[in-house]
Amino acid sequence: MLALASAGAGASGPGDRDGAAPWVVATYAYPQRDRAAAVQPLADYLARRSGHAVQARILPSPTALVEALRRGEVDVAVPNLHGYLQARPGEGAIVALPVPDVPPAQADRYRAVLVARDGLATLAELPERARELRLVLVGADSASGGFIPVAALRALGLDPRTGFASLDYAGSHAAALQAVAEGRADVAALAADVYDAGPPPGVRELWRSAPIPPGPLLCRASAAIDCGQVAGWLLQAHEQDPAVMAALRAGWPEFGDATAFTVAPPLQDVTID
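Here the structure is a predicted model, which is why all the values come from computation and not from measurement.

> Just to check I follow, could you spell out helix H1 (residues 35-50) for this structure?
Turn by turn, an α-helix covers 3.6 residues, leaving residues three or four places apart pointing in a common direction. For H1, with 16 residues, the first-to-last C-alpha span of 23 Å sits near the 22 Å given by 1.5 Å per residue. Taken residue by residue, H1 has Arg35, Ala36, Ala38, Val39, Gln40, Pro41, Leu42, Ala43, Tyr45, Leu46 and Ala47 as its buried positions. Packing partners of the buried residues in H1 comprise strand E2 (23-28), strand E3 (54-59), strand E4 (76-77), helix H9 (227-240) and helix H10 (243-251). Looking at the residues trailing H1, positive phi occurs at glycine 51, about 75 degrees.

> Mind showing me how you'd approach empty space enclosed by the protein here?
Any empty space left between the atoms is revealed when a probe the size of a water molecule rolls over them. Applying the stated criterion across every chain, the model contains one cavity of 30 Å³ or more. By volume, the largest cavity is sized at about 40 Å³. Its residues assigned to classes, the lining of the largest cavity comprises seven nonpolar, two polar and one charged.

> Just checking my understanding: could you explain the layout of surface pockets for this structure?
When its volume is computed, the largest pocket comes out at roughly 660 Å³. Lining the largest pocket are 31 residues, with Tyr30, His173, Ala191, Pro253 and Glu254 positioned closest to its centre. At the level of secondary structure, the elements contributing two or more residues to the lining of the largest pocket comprise helix H4 (104-109), helix H6 (143-155), helix H7 (173-181) and helix H8 (192-196). When its residues are assigned to classes, the lining of the largest pocket shows 14 nonpolar, eleven polar and six charged.

> Before we go on, may I ask you to explain H6 in this structure?
Helix length check: H6, at 13 residues, gives a terminal C-alpha distance of 17 Å against a target of 18 Å (1.5 Å per residue), a fit within 8%. The principal kink in H6, of about 30 degrees, is found at proline 149. The element H6 is extensively covered by neighbouring structure, given that ten of its 13 residues are classed as buried. Two or three places before glycine 145, at the opening of H6, serine 142 has a side-chain oxygen 3.0 Å from that residue's backbone nitrogen. The positive-phi residue at the C-terminal boundary of H6 is glycine 157, with phi of around 85 degrees.

> What should I look at first to understand the pattern of salt bridges in this one?
Enumeration according to the criterion identifies twelve salt bridges in this entry. Here arginine 204 and aspartate 118 are joined by a salt bridge, their closest N and O atoms 3.8 Å apart. In this pair, arginine 204 is assigned in strand E11 (residues 203-208) and aspartate 118 in the loop between strand E7 (112-117) and helix H5 (126-129), connecting sequence segments 86 residues apart. Residue arginine 204 is classed as partly exposed on the basis of its relative accessible area of 36%. Salt bridges here are not isolated pairs; linked through shared partners, they connect Glu125, Arg129 and Glu132.

What counts, and where the lines are drawn
Residues numbered from 1 in each chain as written. Predicted model: local features only at pLDDT ≥ 70, side-chain atom pairs only at ≥ 80, totals over all residues. Heavy atoms only, no water. Helix = DSSP H or I, 4+ residues; strand = E, 2+ residues; numbered from the N terminus. Expected span 1.5 Å × (residues − 1). Buried < 20%, exposed > 50% of the residue type's maximum accessible area, 1.4 Å probe, protein only. Contact = heavy atoms within 4.5 Å. 1 Å grid on protein atoms, 1.4 Å probe; cavity = no way out; pocket = protein on both sides within 12 Å on 5 of 7 lines; lining within 4 Å. Points joined across faces, edges and corners; volume = space filled by probe spheres on them. Nonpolar A, V, L, I, M, F, W, Y, C, P; charged D, E, K, R; others polar. Bend = angle between axes of the 7 residues up to and from the residue. Polar contact = N/O pair within 3.5 Å; in protein donor to acceptor, adjacent residues only side chain to side chain. Salt bridge = Lys/Arg side-chain N within 4 Å of Asp/Glu carboxyl O.

Have a look at this one:
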């Protein structure tokens, strides 16, 4: 069984009269973000609404989160977009839940960028020069620092794993930008808002994606949990417990100033390798 790191001290909410196992609400770890604090209010809220004990857990990565969800070790997940797409909601027991309702102006700013050191002026130069360039991504299952910009590179005929002099993973968007700024990499993929907050001298933007939608929450339907009921509770959370979304905003900058959940739109036009 996958070892899960606890995000809190045991179960929250009332114990189950029938002694059933607690539900597990889980997400994935991220540097400089207290994801345990970010999901605990959600776990507490679901415990209160359901009368069922709920535990909050943190997994090492979005991929590990989805794998645990598929195995039935997680009941409700807060994924990134990559994790959501990996889960293939609607197939099998995994169900899409509502998504934070990000204000339009903020949703428009959640994009990916490819940046490079001076000396590389345009994206069109990459295919010819890639073999001499060091590429850094945030992570293989990152959205804005991973599969979205990777898709742009593949559209140019470039395989990030074999088409560059080297490929490294920085672990965070700030670290990816810093790697280029300090000369440890030549090209980096990262979230546009991190770059826009303070483009370093000698680093230029080569490409910017269309807006990236956030990943809706996920639920694994079972005899123990009614995902439709959970979805309804999420849509009421802004009235019942505003702390739920306030905590999620603190854990995920891409949620912007969202105050409520909304029904997730179809995301068929977004794909992963």
